[in-house]
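Observations on the three-dimensional arrangement
Spelled out, the chains give:
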Amino acid sequence: MAAIVRLSSVCRRGVKPLFYQSTFLARPLAVPHTYKEHPYQLTAKIHASQALCGSGSKAASLHWTAERVLSILLLAMGPVAYFNPGPFMDYSLAAALTLHGHWGIGQVLTDYVHGDAKIKMANAGLFLLSTVTFAGLCYFNYNDVGICKAVAMLWSK
Amino acid sequence: MSSFFFFFFLISCLFIFVCRTLARQGACVSRPQYTVLFRHAAPMGTTAKEEMNKFWAKNAKLNRPMSPHLTIYKWSVPMMMSITHRGTGVGLSGAISAFALAALVLPGNYPYYLDLIHSLYIGPYLIGLAKFGIAFPVSYHTYNGIRHLWWDIGKGFKIPEVYRTGYTVIALSVITSIAVAFL
């Protein structure tokens with residue numbers, strides 16, 4: 001663990017303010033120039049707050065990354081579906097669009113819905129909606145013309 | 001005099017070291033005691049989430065009015081683009097869900113409904129407008145999405161860059177939508 005209390009800071013400001021130093025609270029620091037040389041010290045401070053208060057779950061971070069990966073995937077699917085339409089693209093688009101929408105609306109709900117019960121209900125409703133959406137799109141792909149063909153047909157008129 | 005301060009500094013270093021060691025072992029310490037002898041560490045203190053909930057509960061209980069925000073803050077292009085990104089996202093998602101629901105519930109198949117719409121004699125201009133109306137949310141959300149991903153890798157945060165990329169997204173969206181509407 002990198003040293004949180006630096007000798008230089010003590011020398012500059014005296015000893016008494018040591019007690020006021022927020023070594024136990026993970027406040028965002030205005031990054032002084034010296035930190036650019038030692039970025040790991042700042043990182044150590046952030047990790048410290050997780051170690052301080054128990055569980056350090058990476059779930060949220062992984063979810064964030066997964067959202068970006070899916071977005072890039074969906075971006076690539078557009079041109080591929082245009083040049084190579086077919087059932088594979090139909091089902092891939094159905095899955096990617098539904099999941100992207102599910103996660104997106106999930107973020108909207110997180111922003112605007114407050115209160116434990118309301119959050120639970122809203123997320124349950126969203127899950128139901130996304131399930132029905134995916135089911136409907138798969139049904140359309142199987143029993144009807146499919147997403148790629150449908151867009152082509154819509155635009156041909 | 002200086003030796004006293006030095007000794008004091010050593011003790012406080014030791015004390016902070018003890019605090020951090022105990023903290024590393026899982027004890028939550030929210031504020032150090034103002035004595036040299038550190039008594040005991042126990043998990044205490046509330047999480048940020050609990051504090052936030054307490055804050056909201058108190059406000060709701062006292063029926064405190066909310067300060068004006070959206071109605072008084074000056075709207076800027078980045079603000080408008082951000083909420084438009086959210087709006088188009090929610091709108092597109094809703095449209096897809098509605099389409100999926102219709103596919104499950106309505107009788108008949110897609111070509112049937114397409115012919116039904118065309119038999120309404122809408123006319124080329126309205127068809128073009130409808131196509132633009134579908135294409136614009138898709139292209140805006142896509143281009144602004146790319147801008148978001150650009151931010152996610154840490155680029156383009158300077159204010160002039162934000163505005164430049166923003167105007168580029170708007171221009172590209174309009175051009176793409178018009179071009180696609182003519183297809």
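Residues numbered from 1 in each chain as written. Chains lettered and ligands numbered in written order. Predicted model: local features only at pLDDT ≥ 70, side-chain atom pairs only at ≥ 80, totals over all residues. Heavy atoms only, no water.

Let us now look at the overall build of chain A. When helices and strands are tallied, chain A shows 6 helices and 0 strands. Ordering the α and β elements of chain A from the N terminus gives α-α-α-α-α-α. For chain A, with 157 residues in total, the buried portion stands at 32%. Taking contacts inside chain A between residues at least 6 apart in sequence as the whole, the part at least 24 apart equals 53%. Split by element, the accessible area of chain A, about 10,100 Å² in all, is 69% carbon and sulfur. (Helix = DSSP H or I, 4+ residues; strand = E, 2+ residues; numbered from the N terminus. Buried < 20%, exposed > 50% of the residue type's maximum accessible area, 1.4 Å probe, protein only. Contact = heavy atoms within 4.5 Å. Areas by Shrake-Rupley, 256 points an atom, 1.4 Å probe, with all protein chains shown as cover.)

In this section: the packing of helix α6 (residues 147-156) of chain A against helix α4 (residues 110-118) of chain B. Helix-helix packing: each pair is described by the crossing angle between the helix axes and the interaxial distance. For the pair α6(A) and α4(B), the least separation of the axes is 11 Å and the interaxial angle reads 15 degrees. Between α6(A) and α4(B), the angle falls in the class roughly parallel. Read as a crossing pair, α6(A) and α4(B) show a hand that is right-handed. From α6(A), A150(A), M153(A) and L154(A) reach across to α4(B), where they touch Y110(B), P111(B) and L114(B). (Axes fitted to C-alpha atoms, helices over the stretch in contact; angles between N-to-C directions. Parallel < 35°, antiparallel > 145°, perpendicular 65-115°, else oblique. Left-handed = near helix turned anticlockwise from the far one by under 90°.)

With 12 residues, the main nonpolar core is built from L70(A), L74(A), M77(A), A81(A), M89(A), L93(A), A94(A), A96(A), L137(A), I147(A), C148(A) and A100(B). Listing elements by their share of this core, those giving two or more residues are α3 (59-83), α4 (87-112) and α6 of chain A. Apart from the residues within four sequence positions on either side, L74(A) is in contact with L93(A), A96(A), L97(A) and H100(A). Counting residues in hydrophobic clusters, the runner-up holds 6 residues, among them F140(A), A150(A), Y110(B) and L114(B). (Core = buried A, V, L, I, M, F, W, Y, C linked by side-chain atoms within 4.5 Å.)

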